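Below are the chains, spelled out letter by letter.
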Amino acid sequence: MALDSPQSGVIPLSQAIDHYFELALYLLVLTGFATLASTGGLDLSSIVLTGIALAIRGYLLAKRRQFVISERWTTPLSIAYFVFFAADYFLLSRSFLPTTVHLALFGVVVRMFSLRRERDHVTLAILAFLMVLASAVLTVDSIFLFSFAAFMMMAVGTFVLMDMRRSVHAAS
């Protein structure tokens, strides 16, 4: 068959759905971060560091390459961040909301580069929603309405692809 030959350039359906799902999840996180950054409530270092991490993830997705932080490193990184969380709360930000936003941004960056299981994808989608929720608290500007509408459209597409991905993996 021509469809099964490696010469034909046809991508199997499960791989195509996986790729589009990864892309949609990335765009969901990017939309959530853009919504949060547009509020003006983030400090410059958070915008730059998270923006660099998102750009690297976007580049890897465009090149169809994988970079995964090993499980050996994610746990110590998370524990180290909770120590930083305390320092951020008591010394740097001195407020609960910015400190929690920094925690969510750290979670997004680490989870973006450590996607292994289905729950990691769901966690990343939840963190994207938390960024939008934080931006709702930080702004009363009308730009939030448009950002929220774009986020909701990306969320619908992402969750449709997530369901398609689950169905394809369950069928095979």
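Preceding block: the structure.
Bear in mind that the values here come from a model prediction, so they are computed numbers and not experimental data.

**Remarks on the overall build of the chain**
Counting its secondary structure elements, the chain contains 6 helices and 0 strands. Starting at the N terminus, the α and β elements of the chain follow one another as α-α-α-α-α-α. Residue pairs in contact within the chain that sit at least 24 positions apart in sequence constitute 71% of those at least 6 positions apart. Counting only carbon and sulfur atoms, one obtains 70% of the accessible surface of the chain, whose full area is about 10300 Å².

**Notes on the nonpolar core**
Leu28, Val29, Leu36, Leu105, Met112, Leu124 and Met131 are the most contacted members of the largest nonpolar core, which has 32 residues in total. Listed by contribution, the elements that provide at least two residues to this core are helix 1 (13–37), helix 2 (44–62), helix 4 (96–112), helix 5 (118–138) and helix 6 (143–171). Here this core gets 8 residues from one element, more than from any other, and that element is helix 1. For leucine 105, the contacting residues outside a window of four places in its chain are Phe33, Leu36, Leu42, Ser46, Thr50 and Met131.

**A look at unusual backbone geometry**
Although it is not a glycine, arginine 64 adopts a positive phi angle of roughly 55°. Along the chain, arginine 64 falls in the loop between helix 2 and helix 3 (71–92). At arginine 94, a position not held by glycine, the phi torsion is positive, near 60°. Within the secondary structure, arginine 94 sits in the loop between helix 3 and helix 4. With relative accessibility at 62%, the residue arginine 94 sits in the exposed group.

**Concerning the layout of surface pockets**
Of the voids in this model, the largest pocket is the one considered here, and its volume is about 360 Å³. In terms of lining, the largest pocket is formed by 19 residues, of which the most central are Leu103, Ala104, Gly107, Leu127 and Leu130. Broken down by secondary-structure element, the contributors of at least two residues to the lining of the largest pocket are helix 3, helix 4 and helix 5. Residue contributions to the lining of the largest pocket peak at 9 residues, all from helix 4. Roughly 310 Å³ of internal volume is contained in the second largest pocket. Lining the second largest pocket are 14 residues, and of these Ser46, Leu49, Tyr81, Phe84 and His102 lie nearest its centre. Contributing elements (two or more residues each) for the lining of the second largest pocket: helix 2, helix 3 and helix 4. Per element, the largest residue contribution to the lining of the second largest pocket is 5 residues, and it comes from helix 2. Partitioned by chemical class, the residues of the lining of the second largest pocket number 8 nonpolar, 4 polar and 2 charged.

**Comments concerning the environment of phenylalanine 113**
Residue placement: phenylalanine 113 occurs in the loop between helix 4 and helix 5. Classification of phenylalanine 113 as buried rests on a relative accessible area of 8%. For the pair phenylalanine 113 and leucine 138, spaced 25 residues apart in sequence, the C-alpha separation works out to 27 Å. Excluding its chain neighbours within four sequence positions, the residues that come into contact with phenylalanine 113 are Ala53, Ile56, Arg57, Leu60, Phe67, Val68 and Ile69.

**Topic: helix 6**
Side chains of residues three or four places apart in an α-helix project in the same direction, reflecting 3.6 residues per turn. In this model helix 6 runs 42 Å from its N-terminal to its C-terminal C-alpha over 29 residues, within 8% of the 42 Å that 1.5 Å per residue would give. Check the buried side of helix 6 and you find it contacts helix 1 and helix 5.

**Considerations on the pattern of salt bridges**
Across all of its chains, the model carries 7 salt bridges by this definition. The partner of glutamate 118 in a salt bridge is arginine 165, and the shortest N-O contact between them spans 2.8 Å. One end of the pair, glutamate 118, is in helix 5; the other, arginine 165, is in helix 6, and 47 residues separate them in sequence. For glutamate 118, a relative accessible area of 27% corresponds to the partly exposed category.

Criteria and cut-off values
- Residues numbered from 1 in each chain as written.
- Predicted model: local features only at pLDDT ≥ 70, side-chain atom pairs only at ≥ 80, totals over all residues.
- Heavy atoms only, no water.
- Helix = DSSP H or I, 4+ residues; strand = E, 2+ residues; numbered from the N terminus.
- Contact = heavy atoms within 4.5 Å.
- Areas by Shrake-Rupley, 256 points an atom, 1.4 Å probe, with all protein chains shown as cover.
- Core = buried A, V, L, I, M, F, W, Y, C linked by side-chain atoms within 4.5 Å.
- Buried < 20%, exposed > 50% of the residue type's maximum accessible area, 1.4 Å probe, protein only.
- 1 Å grid on protein atoms, 1.4 Å probe; cavity = no way out; pocket = protein on both sides within 12 Å on 5 of 7 lines; lining within 4 Å.
- Points joined across faces, edges and corners; volume = space filled by probe spheres on them.
- Nonpolar A, V, L, I, M, F, W, Y, C, P; charged D, E, K, R; others polar.
- Expected span 1.5 Å × (residues − 1).
- Salt bridge = Lys/Arg side-chain N within 4 Å of Asp/Glu carboxyl O.

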